[in-house]
Amino acid sequence: LDAIKKRGIQLPNERNVKFVPCDFNVETVEKLREVPGYDPAAATLFIMEGVTQYIPKEATAGSLKTAASVCGAGSRVLVSYVPQELWDDPVKCFYDPPKIQALLGKVESIGEPWVSGWTKESFADFLSQCGFTVQRDVSIHELVREYFVPAGRVVPEKQQALLERYAMATK
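Reference entry: report on the structure contained in this document. Throughout this document, residue positions are counted from 1 along each chain, in the order its sequence is written. Local features in this predicted model are restricted to residues of pLDDT 70 or higher, and side-chain atom pairs are both shown and tallied only at a pLDDT of 80 or more, whereas totals for entire chains, interfaces and linings draw on every residue. Hydrogens and waters are ignored; side-chain quantities use all the structure's heavy atoms.

Secondary structure counts use DSSP, requiring at least four H or I residues in a row for a helix and at least two E residues in a row for a strand, with both numbered from the N terminus. Among the secondary structure elements, Y38 is positioned in the loop between α1 (2-6) and β1 (45-48). Assessed through its relative accessible area of 18%, Y38 is described here as buried. Each C-alpha atom, one on Y38 and one on V70, is 9.8 Å from the other, the two residues being 32 residues apart in sequence. Two residues form a contact once any of their heavy atoms are found within 4.5 Å. The residues touching Y38, leaving out its near neighbours within four places in the chain, are L32, T44, F46, V70 and C71. Under this definition, polar contacts are N or O atom pairs within 3.5 Å; protein pairs additionally need one hydrogen-donor-capable and one acceptor-capable atom, and for neighbouring residues in sequence, both atoms have to be side-chain atoms. Of note is the side chain of Y38, whose polar atom sits 2.5 Å from the backbone oxygen of V70. With a 1.4 Å probe rolled over the protein chains alone, any residue whose accessible area is under 20% of its type maximum counts as buried; one over 50% counts as exposed, and the rest are partly exposed.

Here it is as structure tokens:
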């Protein structure tokens, strides 16, 4: 919240916003129950961006199932995930597969290997099993077409690496 304020951004509902960091390898969102003022009956927004590729699918499932259990109806989860094609058919994700292999090697060499990936269909099923229904699931290509192109901004295809997809799901 402090970083947002430093940028001069005011949240109209600031008193309702709680940023609760979580190390998904050792913690769960169950810790929300301990946050003063948290209302488990209220709709809650959970953001798991840049997380799922680093933790086993079981840990992601545990976090999402716990999230579904500690929030009210209408809650949402925004989750990024790596497409399985990154490993299975890297040319579908980026025009230069050796660069994908170099990225995967680099993150592994620093002790943060990417260990989980999904297809769009399997991720929707996964979220359903965790208590959420996908409302939208988009790639970088779709986001560029939807937001950048109408604004007159050109993002060359060779700069659009499909490293993650973004899903929004509702409880």
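This next bit is on a nonpolar patch on the surface. On the surface, L45, I47 and L78 cluster together into a nonpolar patch covering about 270 Å² of accessible area. Looking at where I47 falls in the secondary structure, it is placed in strand β1. I47 gets classed as exposed once you look at its relative accessible area, which sits at 53%. Like charges within 9 Å and nonpolar side chains (Val, Leu, Ile, Met, Phe, Trp, Tyr) within 5 Å are joined into patches, using only residues over 30% in relative accessible area that form no salt bridge. All accessible-area figures derive from a Shrake-Rupley calculation using a 1.4 Å probe, and residue coverage is judged against the displayed protein chains alone. The working definition used for a salt bridge is a side-chain nitrogen of Lys or Arg within 4 Å of a carboxyl oxygen of Asp or Glu.

Another point: the environment of I4. Residue placement: I4 occurs in helix α1. I4 gets classed as partly exposed once you look at its relative accessible area, which sits at 23%. Residues I4 and V26, spaced 22 residues apart in sequence, show a C-alpha to C-alpha distance of 27 Å.

The next point concerns the nonpolar core. Put simply, a nonpolar core is a bunch of buried Ala, Val, Leu, Ile, Met, Phe, Trp, Tyr and Cys residues held in one set by side-chain atoms that sit within 4.5 Å of each other. F46, L64 and F123 are the most contacted members of the largest nonpolar core, which totals 27 residues. Elements with a minimum of two residues in this core: β1, α2 (57-69), β2 (76-81), α5 (120-129) and β4 (165-170). Ranked by residues supplied to this core, first place goes to α2 with 4 residues. Not counting residues within four places of it along the chain, the set of residues in contact with F46 comprises V29, L32, Y38, A67, V70, C71, R76, V77 and L78.

Before going further, it helps to examine the packing of aromatic side chains. Ring geometry is summarised as follows: Phe, Tyr and Trp rings, the Trp one being its six-membered ring, pair when their centres sit within 6.5 Å, and such pairs are stacked at plane angles under 30 degrees, edge-to-face over 60 and tilted between the two. Applying the stated rule across the entire model yields 7 aromatic pairs. Ring geometry for Y81 versus W118: centroids 6.3 Å apart, planes at 85°, classification edge-to-face. With Y81 in strand β2 and W118 in the loop between α4 (97-109) and α5, this residue pair connects regions lying 37 residues apart in the sequence. Residue class for W118 comes out buried when judged on its relative accessible area of 3%. Consider the rings of F123 and F126, whose centres lie 5.9 Å apart with planes at 25°: the pair is stacked.

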